[in-house]
Each structure stands twice: as C-alpha cells, then as structure tokens.
Protein chains: 2
Amino acid sequence: MTRKLGEFEIIKTYFAPLSQSEKGSFNLTDDAAVIDIPDGMSMVVTTDTLVEGVHFLSDDLPENIAKKLLRVSLSDLAAMGSVPAFYNLSIATKIGTTSDWFRAFAGGLLADQIQFGITLIGGDTVATSGPLTLSLTAMGFVAKGKAISRGGAKLGDDIWVSGLIGDAALGLRAATGKLSSISEENKKYLISRYTKPAPQTLLGPKLSNHVNSAIDISDGLVGDLDHICETSKLGADIQITDIPLSRAANILVTEKPDYIDLILSGGDDFELLFTADKSFRAVAKSLTEMLDVNLTKIGVMVCRRSIEIFDENGNKYVIKNNGYTHF
Amino acid sequence: MTRKLGEFEIIKTYFAPLSQSEKGSFNLTDDAAVIDIPDGMSMVVTTDTLVEGVHFLSDDLPENIAKKLLRVSLSDLAAMGSVPAFYNLSIATKIGTTSDWFRAFAGGLLADQIQFGITLIGGDTVATSGPLTLSLTAMGFVAKGKAISRGGAKLGDDIWVSGLIGDAALGLRAATGKLSSISEENKKYLISRYTKPAPQTLLGPKLSNHVNSAIDISDGLVGDLDHICETSKLGADIQITDIPLSRAANILVTEKPDYIDLILSGGDDFELLFTADKSFRAVAKSLTEMLDVNLTKIGVMVCRRSIEIFDENGNKYVIKNNGYTHF
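Think of each chain on its own: its residues are numbered from 1, step by step along the sequence as written. Chain letters and ligand numbers both follow the written order, the letters beginning at A and the numbers at 1. Where local features are concerned, this predicted model is filtered to residues with pLDDT of at least 70; where side-chain atom pairs are given and counted, the filter is 80 or more; whole-chain, interface and lining totals use all residues. Note: side-chain values were computed over all heavy atoms of the structure, leaving out hydrogens and water.

Looking only at helices and strands, chain A features ten helices and twelve strands. At 21 Å, chain A has a C-alpha radius of gyration in line with the 20 Å of a compact globule built from 327 residues. The principal-axis extent of the C-alpha atoms belonging to chain A is close to 65 × 50 × 35 Å. The buried share of chain A, taken over its 327 residues, is 61%. Contacts are residue-level and defined by heavy atoms, with any inter-residue pair within 4.5 Å sufficient. Within chain A, contacts between residues at least 6 apart in sequence are counted, and of these 85% link residues at least 24 apart. Computed over 31 positive and 40 negative side-chain charges, the inter-centroid distance for chain A is 1 Å. What counts as a helix is a DSSP run of H or I of at least four residues, what counts as a strand is a run of E of at least two, and both are numbered from the N terminus. Atoms considered for the radius of gyration are the C-alpha atoms alone. The globule rule reads 2.2 Å times the number of residues to the power 0.38. Three labels apply to residues, based on accessible area from a 1.4 Å probe with only protein chains included: buried if under 20% of the type maximum, exposed if over 50%, partly exposed otherwise in between. Positive charge is attributed to Lys and Arg, negative charge to Asp and Glu, and no charge count is given to His or to the chain ends. For charged residues, the charge sits on one atom: NZ in Lys, CZ in Arg, CG in Asp, CD in Glu.

Structure follows, in structure tokens:
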C-alpha cells in the first residue's frame, strides 16, 4: 500500500517537474502523452535498458547513472541524424530507495535535458526485488527521407570517426583498478570518458545530408564497423595509425602496444562512425570548425566482405583478444 | 561473451520477424526506428513496466505474460482515443532463459499484433540477475486536438463504463485460491479476465469525438474515477446498482455483499471509464450495436470535490476496505 502511494509521490515530486516544458506530457498525470511531429519530419525512436551490476555499478552516483542512461539513447538518435525531442522513462527500483537518491537522479536528468534539449513526457515507476533496472525510450526528429541507416555504405566510401576512440574502454579498466602506471590526471580523464559519454547530438543531424551510413560506437570500433559492413554487404580496410587517440590513450599504447586491441574492440565511446564519399572531405573541415569536433578518416569501404586492419608498416594486424567479433 | 551473442540471436530469431510489416524498423538491425505520422494526426506515447513476482507470477505462461504486457499499454492508447500503431520492447531476462520461453513469448506478441494491429519497431534485450523485467512503450495515432484526457470532465457529465467491472480483481482472488464456493466455470471465466484483459482498442478511437474525459480502469473503478475528478477539479456521484457485473460477479456479490468493495476498488479491468454530456446517450446506443460492447451509465459529475457512492436504497455507501484511496 505504501508502495503505490510512493509511486505517485515520486512521479509528482521528482519527475513531473522534468515534463513541464511539453504540455502534451499532461504533467505526467494522464494515461499517455500526446505529441506532434513538425511538418516534413519523421520520428526516430530508440530504447536502451541499463541494469545495476551489468551496465553500471551499485555505488555509481545517481546523477551519473541518469546521465549515462540518457546519453546512450541520445547517441542512438545522433547516429540516425536526428535532433532529440522527447523521452519516456521506466524505473524499477527496490522498495525503500531514498528520496535523496531520486532527487539526485532527477537532477542528473534535468541537467542533461537542458544540455541536450530533450524533455520527459511519460513513463512508469514500479517496485522490484532485483537490481535497479532503467529503460529509456528516446524520440527525435529527422527530415523525411534523411535518416541515416547502417545499411547505406557505398563501395569506396571513406570511413570516418568523430572524437577520440578507446578512452571509454581504458576508462572502465582505470575505474576497476586494472591500469597500472598512469598519472592521476590521465586516470581521471579516462574514467570521466567512461562514466559520462558525450553523445554527438549536434554533429549527427549535420551529417544527414552528407553521409551514406552511420552508427554510434557502443560495441567497439571494429564491432560497430562490422555492423555497417554486414547491413551494407561490404567490407572495410582501416589503418591503425589513423585512429584518433587522446593523449592519455597514446601514452598507454606507447608503453604497452597491446592496449591497441582494447581501443579497436572496446565499447562505450558513443562517438559516431560513418561512411561518406570523397566530397565529404571538404564538408568535414567546415563541420570541424563549426562544431569544434574532431573528424578523422580512418579507412575505406571495400567490396570484399570482411574487415582488414593495417599497422604502421602496412602489414595486416590481427586483434589478439578474441578478434573483432568481440561479443 | 555468450550473453552478447545470445542477445543478437534472440533479436534475430524471435523479435525481428515481429517487425517485418514496418520498414522503418530496419528489421531491428539499426540504432533506432524511423516512423512517419499520418498527416493531421498526433502521436500518443505510453510506457508500462511489468516485473515478475509483482505484476505477474513466475509460472505464468510466457504467451500470457506477453499479452498482458501489450494489452496494458493498448488500454492506455485506447483511453486517449488513439489507434495502436507501434511499440518498442525492453526485456531484462535471467541468463539461461530458454529458447522455448522466447518462442512462446514472441508467439503471444505475434497473436496480439495481428489482433490489435500493432507492430514491434525496436527495443533492447539485456541480462539481469533479478526478476524478469519487461517494459513496453506503445505508440498510437489520434486526430490532432482529439486526444481524450483525464482532465476534461464537465459538471453534469454522465459517467460511463465499458464492459463489466470487477471481474479482474475477483479473478486474481480466484487464481490465488481466495474465492470459496464458486463453480469451476465461473472461476475459469474470472481468471481469464484477470490474465488476459481485453483492451477497448476499437471503442477508444470512436469516443474521441464524443466524450469529455476518459481513463482506463487499471487502479480500480473508484481510484481511476478519482484521477478524473482530481485532474478535472470536480467530484462524482455513482450508483452501485448501476455498475455492470458479470454473471459470476453477481453470484459472488449476492452470496457475500462485501465483494462489492473489491468491485469498486479492485484494479486491472482495463475497461474504459469516461464522462460525456447527455447527447452521448444516443451515440452510446449505436456504438453498442456497432462494436458489440456494453456501455453503462453509472453516475454523474458534480461540483463538490469528492466521490460519493450510493446503494440501492439511496444511502451513502462507504467502502470498508481502506476507502476508495485504495493505494
């Protein structure tokens, strides 16, 4: 009985304020939300679920859990070339979760709502005897016919990535004490890249007129490139030396070259991986200036149905750790 | 590592076939789905989450769990006056959930997709150490400006319900062995009303031009009427003798009058409760004929801010079991 009362209180106190900028949310008091899609736009819809102990740690800060949850979905919206608009949130929490926890969690959501321009419009709050389980369905807009899919890569397309690759996988290692010989500053940088991914929500929509395929890097650079290859029925050649690394990642790889496997196959970077014809090279320069984002060409799409990785000497490189089918 | 492979296999084998009728689902191979909304329509979005041990029993049939999950959300779409279109599905399952389970679960979804005209377009499949946790976000269409909200009830509106009230609450009691003296036939009927609610997906959209407010009965007749009263800033008078009961419910109430409290405050009927002005009485007759659905007037909206319940002698009736604030 207390639980049900708790549910209404939680919604009213912590979540309803997040829905106020969209009247179609009915302030979270109705059976469903009612939203309009601007003329000429399609709606992009994506769902991601995070489970305590699987996708985040029990003692992670609630505001960081909230941000990770939203950003994973924002990254999916960006990969389709869409602009964030709305989200529904499902929370299954243990009975007795404190109001402090909910306050901090909602605070994390609010900060990201402001930063990324997205608004809560509905959801469900239930009790569970198991781990905290969060599911978020994000909705965005893209001009009709302009959504970027994984399956559109063309033979001869340049392969591009945004930002820096591999920091998140190294950050997870750093967070769990598995990186030796690293400065406190670099450790802190890498961990923050893991706990607070920065989805490319401004870049994604700018790509929709210019690129042939895109995906966000959640399974790892090579694994996600493989998704593009599989759905586009093509292969890829990539150059290790072209992969953009942070200063921290560079230091680690120089000391221990095996870390390159983690950079190639580790996940959770939430950067964009996309393919485009050569005319994009000029566009990339202006996008880099306009958005202050790194865009780096790392390879080319080929007609053979596999991915080949080349080292600094032009030799084929084989990932030792499970190969690129890292799952 | 097996888990991740499992995830892709589960999606490809059991869920991708459910998405084939909507090309914007990309056969569940992309970051997100891309859908179009028909001209002149708004989109209605609702999320419901069901947890094993809280909202269904561990040994419930997978196909029944699937149907309950979909129908709870279909009922919300109906309450807004919208026609079902798409859904995203999040599943957090224990590692080792069998392919038989997934096959049966997907079979339940497919049967309901055909019956109710809704298509899977995306979602997420993850592992959990806890109870099976299912979250579904359903999307429907309603003509712009025609969505029915809880907050639109007018003073003097008739209060209506669809179908028969209280069967689900009695069915839950029957399923857990808490109903004595009931025939096997009636027991079976009541349990099926609890496990397989029949959302009013045809009725809901037909109401959107004619009624002032609506809600689906999930928290219980009086509890949900209270939601309408609260958001509409009105009160209600209802007549116990006007509440439509099944033959099974009638037998039970005749034998043990206290069961009326369960009928008034028990949840999960997933019928529609709505208010409309007197001109709706004629419409109700034709809807009843057209859709073969019971529509029953059970009361009237009043300006006092509370709900009063009257018995067959015109006396005020007070629910013994916690009052109507049953949560």
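Anyway, onward from the coordinates.
All names here are of chain A. For strand 4 (residues 119-127), the tally of buried residues reaches eight of nine residues, placing the bulk of the element in the interior. Strand pairing is assigned whenever DSSP identifies at least 2 bridges connecting the two strands. Judged from the eight bridges that link them, strand 3 (residues 83-93) and strand 4 form a sheet pairing that is parallel. Its bridge partner lying in strand 4, Tyr87 is registered against Leu120. Whether a crossover is right-handed depends on one test, that the path from the first strand over the helix to the second runs clockwise when the strands point away from the viewer. Read from strand 3 through helix 3 (residues 99-116) to strand 4, the crossover connection turns out right-handed.

Residue and element names in this part refer to chain A. For chain A, per-residue confidence averages 93 on the pLDDT scale, and 96% of positions sit at 70 or higher. Per residue, pLDDT measures the predictor's confidence, with a range of 0 to 100. This stretch, residues 1-5, has a pLDDT under 50; its non-local contacts, to residues over four places away or in other chains, come to nine contacts. Considering only residues more than four positions removed or in separate chains, one finds that residues 322-327, a stretch of pLDDT under 50, has 15 contacts.

Residues below a pLDDT of 70 in either copy are left out; the C-alpha atoms of the rest, at least 70 in both, set the least-squares superposition of the copies. With an axial shift of 0.0 Å and an RMSD of 0.0 Å, the rotation relating chain A to chain B amounts to 180°. Taken together, the turn and the small shift mark the pair as related by a two-fold rotation axis. Proximity to the rotation axis, assessed at the C-alpha, singles out A:Gly130 in chain A; its C-alpha lies 2.1 Å from the axis. When the interface residues of chain A are mapped onto chain B, 98% of them again fall at the interface, so both copies present the same face.

Moving on, we come to helix 4 (residues 167-175) of chain A. All names here are of chain A. Of the positions making up helix 4, those classed as buried are Asp167, Ala168, Ala169, Leu170, Gly171 and Ala174. The secondary structure elements touched by the buried residues of helix 4 are helix 5 (184-195), helix 8 (247-255) and helix 9 (259-265). Within two residues after helix 4, Gly177 carries a phi angle of roughly 70°, on the positive side.

Turning our attention to the packing of aromatic side chains. Whether two aromatic rings pair depends on their centres lying within 6.5 Å, for rings of Phe, Tyr and Trp, where Trp uses its six-membered ring; planes under 30 degrees apart make the pair stacked, over 60 edge-to-face, and the rest tilted. What the rule picks out here adds up to 18 aromatic pairs over all chains. Taking 6.4 Å as the distance between ring centres and 85° as the angle between the ring planes, the aromatic pair formed by A:Phe15 and A:Phe105 counts as edge-to-face. Note that A:Phe15 is positioned in helix 1 (residues 2-15) and A:Phe105 in helix 3, a separation of 90 residues in sequence. Neither A:Phe15 nor A:Phe105 differs from the other in exposure class; each is buried. Between B:Trp160 and B:Phe280, the aromatic rings sit 5.1 Å apart at their centres with planes inclined by 80°, giving edge-to-face as the arrangement. Of this pair, B:Trp160 sits in strand 6 (residues 158-162) while B:Phe280 is found in helix 10 (residues 280-291), placing the two residues 120 residues apart along the sequence.

This paragraph deals with the environment of A:Ala168. Residue and element names in this part refer to chain A. Tracing the backbone shows Ala168 in helix 4. Residue Ala168 is classed as buried on the basis of its relative accessible area, which comes to 1%. Sequence separation of Ala168 and Gly267 is 99 residues, and the distance between their C-alpha atoms is 6.9 Å.

Any Lys or Arg side-chain nitrogen located within 4 Å of an Asp or Glu carboxyl oxygen qualifies as a salt bridge. Tallied over the entire structure, the rule returns 26 salt bridges over all chains. A:Arg150 serves as the salt-bridge partner of B:Asp31, at 3.3 Å between the closest nitrogen and oxygen. Of this pair, B:Asp31 sits in the loop between helix 1 (2-15) and strand 1 (33-35) while A:Arg150 sits in the loop between strand 5 (133-143) and strand 6 (158-162), which puts the two residues in different chains. The buried category is assigned to A:Arg150, whose relative accessible area is 12%. Of the charged contacts, one joins A:Arg304 and A:Glu308 as a salt bridge, the two residues approaching to 3.8 Å between their closest N and O atoms. One connected set of salt bridges, linked through shared partners, spans A:Asp237, A:Arg304, A:Glu308 and A:Lys316.

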